[in-house]
Amino acid sequence: LEHALHQLQMKNQILEKMALTDALTGLPNRRAIELIARKELLRRARTPSPIAFGLVDADRFKQINSKYLLSGGDHVLTWLGQTLQGAIRATDSIGRVGGEEFMVVAPATDRVGAETLAERLRQTVADAVTAYRDEPIRVTVSVGFAVADGDNPVGYEQLREAAAAALSEAKATGRNKSVIRDAG
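Structure report, in brief. (Residues numbered from 1 in each chain as written. Predicted model: local features only at pLDDT ≥ 70, side-chain atom pairs only at ≥ 80, totals over all residues. Heavy atoms only, no water.)

Concerning the overall build of the protein
Piece 1. In terms of helices and strands, the protein carries 5 helices and 7 strands.
Piece 2. Walking the protein from its N terminus toward its C terminus, one meets helices and strands in the order α-α-β-α-β-β-α-β-β-β-α-β.
Piece 3. Relative to a compact globule of 184 residues, whose C-alpha radius of gyration would be 16 Å, the protein shows 18 Å and is just as compact.
Piece 4. On the principal axes, the C-alpha backbone points of the protein span a range of 60 × 50 × 25 Å.
Piece 5. By residue count, 44% of the 184 residues in the protein fall in the buried class.
Piece 6. For the protein, restricting intrachain contacts to residue pairs at least 6 apart in sequence, the fraction spanning at least 24 positions comes to 70%.
Piece 7. With the model as given, the accessible surface of the protein reaches about 9,800 Å², and the carbon-plus-sulfur share is 54%.
Piece 8. The protein carries 24 positive and 23 negative side-chain charges, and their two centres are separated by 2 Å. (Helix = DSSP H or I, 4+ residues; strand = E, 2+ residues; numbered from the N terminus. Rg over C-alpha atoms; globule rule 2.2 N^0.38 Å. Buried < 20%, exposed > 50% of the residue type's maximum accessible area, 1.4 Å probe, protein only. Contact = heavy atoms within 4.5 Å. Areas by Shrake-Rupley, 256 points an atom, 1.4 Å probe, with all protein chains shown as cover. Lys, Arg positive; Asp, Glu negative; His and termini not counted. Charge placed at Lys NZ, Arg CZ, Asp CG, Glu CD.)

Below, the structure written as structure tokens:
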């Protein structure tokens, strides 16, 4: 009985991990990164500090899918997730929220910190190259960050909307750039 219970616990842990992990990139999925974001906002409500949310979106990704088909697109997304994960700080979290879009949660990050982080993410991807079937592929990303000062009691939706608006601005004004906005 004890062995069976242990097996069940192990299987439940695996299922829980699967439910919170993006199968393609291995990063937290949308549900998981939203949980992380909401936990940070709750922690921040107890001990006020600045926070930044970022959205990172691969530029012209449809062209990659058209040229390299879905398997090539999947390769690029997996590579992009690893590249972005390597460019954030240990205190930050990143997850894939859908398609070719990733969310970054950066606690204790003010506007200057968000500008630095956003630009590091953008530059790291722009400087890197991956190869699919021996063909080099370069990708750029547009980055939008929303920042709330420590005394701004902003909620999840406000931060996400402001980050989405910043991302839209980055896309609309030429791509391969980062835009920072104040939330709320």
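So, the packing of helix 2 (residues 30-46) against helix 5 (residues 156-172)
Piece 1. Here helix 2 crosses helix 5 at 120 degrees, and the two axes come no closer than 10 Å. Of the possible angle classes, the one that applies to helix 2 and helix 5 is oblique. Crossing of helix 2 against helix 5: the hand is right-handed. Of the residues in helix 5, those touching helix 2 at R30, E34, A37, R38 and L41 are Y156, E157, L159 and R160.
Piece 2. Here the contact of helix 2 with helix 5 is built from residues that sort into 4 nonpolar, no polar and 5 charged. (Axes fitted to C-alpha atoms, helices over the stretch in contact; angles between N-to-C directions. Parallel < 35°, antiparallel > 145°, perpendicular 65-115°, else oblique. Left-handed = near helix turned anticlockwise from the far one by under 90°. Nonpolar A, V, L, I, M, F, W, Y, C, P; charged D, E, K, R; others polar.)

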